[in-house]
Amino acid sequence: LLHPLCELLHHSNALAHSMWIELFPYSWSSLTSDEQQALTKPLGMLIARDCNKFQDLRRPNVVQGLLEAVHRCRPPPAISAPVLRFAGRTFNAWHSALSILEDQITSLQYSSDGRRDDPVEVIDALSDLYKRLGEQDVMYGLWCRQSVMPESKVAISYLQFGCWQKAQDSLFGAMIKSQQSGSLSSIPKAEKTIWEEQWVQCAKHLNQWDMLTSYAKEISQFDLQLECSWKTSDWAAMRELVQDPMPSDPGQTKIYDIYNALQEWRLQDAEKHVQEAFQYALKNWCLLPEVTVQAYVPLMQTFHQLVELNESAMLLDEVNKSMRHNSVPDLKNTITAWRERLPNKWDEVTVWYELLTWRNHVFKMLVECNQNQQDIKTALNALGQHEETWTHIKFAESARKQGLPQVCINYLQKIMAGPGIEGQHTYSKIREEALSRLELGSQPDLTQGLNLINKANLDYLQNPRDRAEILRIKGEFLFRVPDQRNPMQMRVSEANDVLSTAVITADTQSKTWVSWGNVLHAMLQAKIDKGGNTPADVDQRNKLTADAMNCYLQGVRYGSEKARMMLAKVIWLLDTYDEQPSLGEHFEKSIDNIPSWNWISWIPLLLGALARPQATRFRKLLSKLAADFPQALYCPLRRFLIEKQGQSRAADGDGGTSVPKAATPSAAATPGAGGTAGAGAGGATAGAAATAGATAGAGSTPAAGTGAAAAAAAGPAAAAAAAAAVPAPPQIHLHEVGQQFPSL
């Protein structure tokens, strides 16, 4: 049996791998504890031998089989954490190494204070493997578990949610506190390392490259100096640094070699370095697990970067040819591809910055190229300035959308006004800076943003939508900036005038309608707080209510997602201020212009409003929903009627199956039934109001119900006679819904 089996194992690596994994745990369990302890150290040395590196790209390899078999052993051999970390990341044995390290932590006992006394080497190995696999959440959780200072845990939480500025402030505060209190020596070295590394990461996300350059020089950190030198255009320092030996990441160093070669117009060397960098990236790809992990994303971004570096070499080669032949280079295809091939909007801002910064370097090289023909040089100069400005604005937009408004503002300051700046670029620059200051929200930023828009010349904007957008942002600033004459009040009336002008300029801008609706609602609330029951005051409140509701409905009509969230406010306005006939009539006319699918999310709220006096306003809308989306309406309507049945039974104290007619939408809308009680609900929500209305209208004849109660107090016989005199309420079934909603 053994001889044929050995022959099979020599012919199949997969079979040998499987047999080893199955047999080694049984052999290990048969050994004594002394024998197991004697074999543990040689087993670790076998895993770490240099000869295994020849199999790092083979699947399966020897180290994978050893680690997987070790993981199945009970009790497991105590392999050292550095060996497991090296073997896991070098031989694609990530999950086996992680499982063994996690078992080592789990096997440790709790200390007296309830906190695990984990070895530093195990924690470092786990953190490194999690980081290389891109498991950020697990890594952050491990750091929080080992942190001593509360400030460290706060900073890690900020890091986990991408609050880079707050995380940097917390990390810096933890460093200052530990130095001032004299407890720096008592803090673990791993925690202080986390402070430094994550502070650097925060500075990268906040685009603080000048500060990082000084920091890297002080601590002589080679990789950080290289990264800072090319991002700050310090090419002389970068050439000196690249010549130093022993880089920590050979693939990244090759990319720096490409930067240097392209900057010096050594295009053949650049092409050679690109091919070598591709090989390093492919090798790193093969070392990752076969299952999809987050670590593939940075590698794909590296491939994207290498493709653009290769295209940069081709672009510069085209410029070289044009200089020799005194012709205009054809760069349209490359420039168009770069505009369309941007990082994903959810990619980190560092990815955007690295890619777009290199593009700006290429555009500067186009501007500074030594072209003999003046017309060709002028064309290249205009192209370079145009694309450089577009790239600056695109990065600023990405930073703002990722919650980094200060980075957006700082980066926009690099764009200098001049003849090369087109009107569309000027509009985009003003818009991004204004929105960033609006997001910051501090009083100085709001004032600066308003001054920026006031100084802008809107005559160059040919598109009415662009002018309307600038006016909308101006209205938002006026809505938040206090009045100089009365600092306790905002400039709401001025915001109202500006937003009305914006709507006249472009009446299809959904954001403008929503902003105007918010201003009108604030004006309405101010009128209500001020009070006054004169006819003029009432007319003003009625007009503001109708205008605010109209703005929200127009915003929904023109496709604003924010306006769709305001439909609940529309229902509330209609419920609160329905005393004026024009408000309900305007609502009934407006719903014809709004696609009915916008109301699907609010079906429970609309059904609850059927128990209110405004039921007639919503019956038409629900009928339209029943015709367009019957399945979306059926289940909420069925549940609504069943709930009304239960409430009616509880109100009558009857265990039968009869349901009062007031539970139906038509009866619930009758003022004599549930409508009066529903209107008295005041500020209650529509769902609570529906419940109150249905409960109040549970009896089909309130007077008869009161007589029955009086008869019950008089005696059993009188109660029976009164009950017989009252007719039984009719039963309501789901098929009767068709009486109110024929479309369904």
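As the structure is a prediction and not an experimental result, all values here were calculated from the model. (Residues numbered from 1 in each chain as written. Predicted model: local features only at pLDDT ≥ 70, side-chain atom pairs only at ≥ 80, totals over all residues. Heavy atoms only, no water.)

Some words on the environment of N13
Point 1. Here N13 shows up in helix 2 (residues 13-29).
Point 2. Overall, the relative accessible area of 57% leaves N13 in the exposed class.
Point 3. Note: C-alpha distance between N13 and R59 (46 residues apart in sequence) is 8.8 Å. (Helix = DSSP H or I, 4+ residues; strand = E, 2+ residues; numbered from the N terminus. Buried < 20%, exposed > 50% of the residue type's maximum accessible area, 1.4 Å probe, protein only.)

A few points about the nonpolar core
Point 1. One finds L67, L101, L126, L212 and F395 to be the most contacted residues of the largest nonpolar core, which totals 75 residues.
Point 2. Sort the elements by how many residues they give to this core and helix 7 (residues 120-133) lands first, with seven residues.
Point 3. The contact partners of L126, leaving out residues within four places of it in the chain, are L98, L101, E102, I105 and L142.
Point 4. Core analysis: the next-biggest nonpolar cluster, separate from the first, contains 65 residues, V492, L553, Y577 and L622 among them. (Core = buried A, V, L, I, M, F, W, Y, C linked by side-chain atoms within 4.5 Å. Contact = heavy atoms within 4.5 Å.)

Side note on the pattern of salt bridges
Point 1. Applying the stated criterion to the full structure yields 33 salt bridges.
Point 2. Its salt-bridge partner being R359, residue E308 comes within 2.5 Å of it at the nearest N-O pair. Of this pair, E308 sits in helix 17 (residues 296-325) while R359 sits in helix 19 (residues 349-368), placing them 51 residues apart in sequence.
Point 3. Residue classification places E308 among the buried residues on the basis of a relative accessible area of 1%.
Point 4. One connected set of salt bridges, linked through shared partners, spans R400, R431, E432, E469, R472 and E476. (Salt bridge = Lys/Arg side-chain N within 4 Å of Asp/Glu carboxyl O.)

Quick notes on the confidence of the model for the protein
Detailed conclusions should not be drawn from predicted coordinates in areas where pLDDT is low.
Point 1. Within the protein, residue pLDDT values average 81, and 83% of them lie at 70 or more.
Point 2. For the stretch residues 110-117, pLDDT sits under 50, and the model shows ten contacts to residues farther than four places along the chain or on other chains.
Point 3. This stretch, residues 655-744, has a pLDDT under 50; its non-local contacts, to residues over four places away or in other chains, come to 114 contacts. (pLDDT = per-residue confidence, 0-100.)

So, helix 25 (residues 492-505)
Point 1. Its 14 residues give helix 25 an end-to-end C-alpha distance of 20 Å, which sits within 8% of 20 Å, the value for a rise of 1.5 Å per residue.
Point 2. All of the buried residues in helix 25 are V492, A495, N496, V498, L499, S500, A502 and V503. (Expected span 1.5 Å × (residues − 1).)

Considering helix 13 (residues 222-231)
Point 1. With nine of ten residues buried, helix 13 lies mostly within the body of the structure.
Point 2. Buried residues along helix 13 sit in contact with helix 11 (189-205), helix 12 (209-219), helix 14 (235-242), helix 15 (250-263) and helix 19.
Point 3. One or two steps after helix 13, the chain reaches S233, where phi turns positive at roughly 65°.

Quick word on the packing of aromatic side chains
Point 1. Inspection of the entire model under this criterion finds 19 aromatic pairs.
Point 2. For the pair W209 and Y353, a centre-to-centre distance of 5.8 Å together with 15° between the ring planes defines the contact as stacked. Here Y353 lies in helix 19 and W209 lies in helix 12, a separation of 144 residues in the sequence.
Point 3. The interplanar angle of 85° and the centroid separation of 6.0 Å between the aromatic rings of F587 and W599 together place this pair among those described as edge-to-face. On the criterion of sequence distance, the pair formed by F587 in helix 30 (residues 581-590) and W599 in the loop between helix 30 and helix 31 (603-608) is long-range, its members being twelve residues apart.
Point 4. On the basis of relative accessibility, which here comes to 0%, the residue F587 falls in the buried class.
Point 5. Accessibility expressed as a relative area gives 0% for W599, which makes it buried. (Phe/Tyr/Trp six-rings, centres within 6.5 Å; stacked < 30°, edge-to-face > 60°.)

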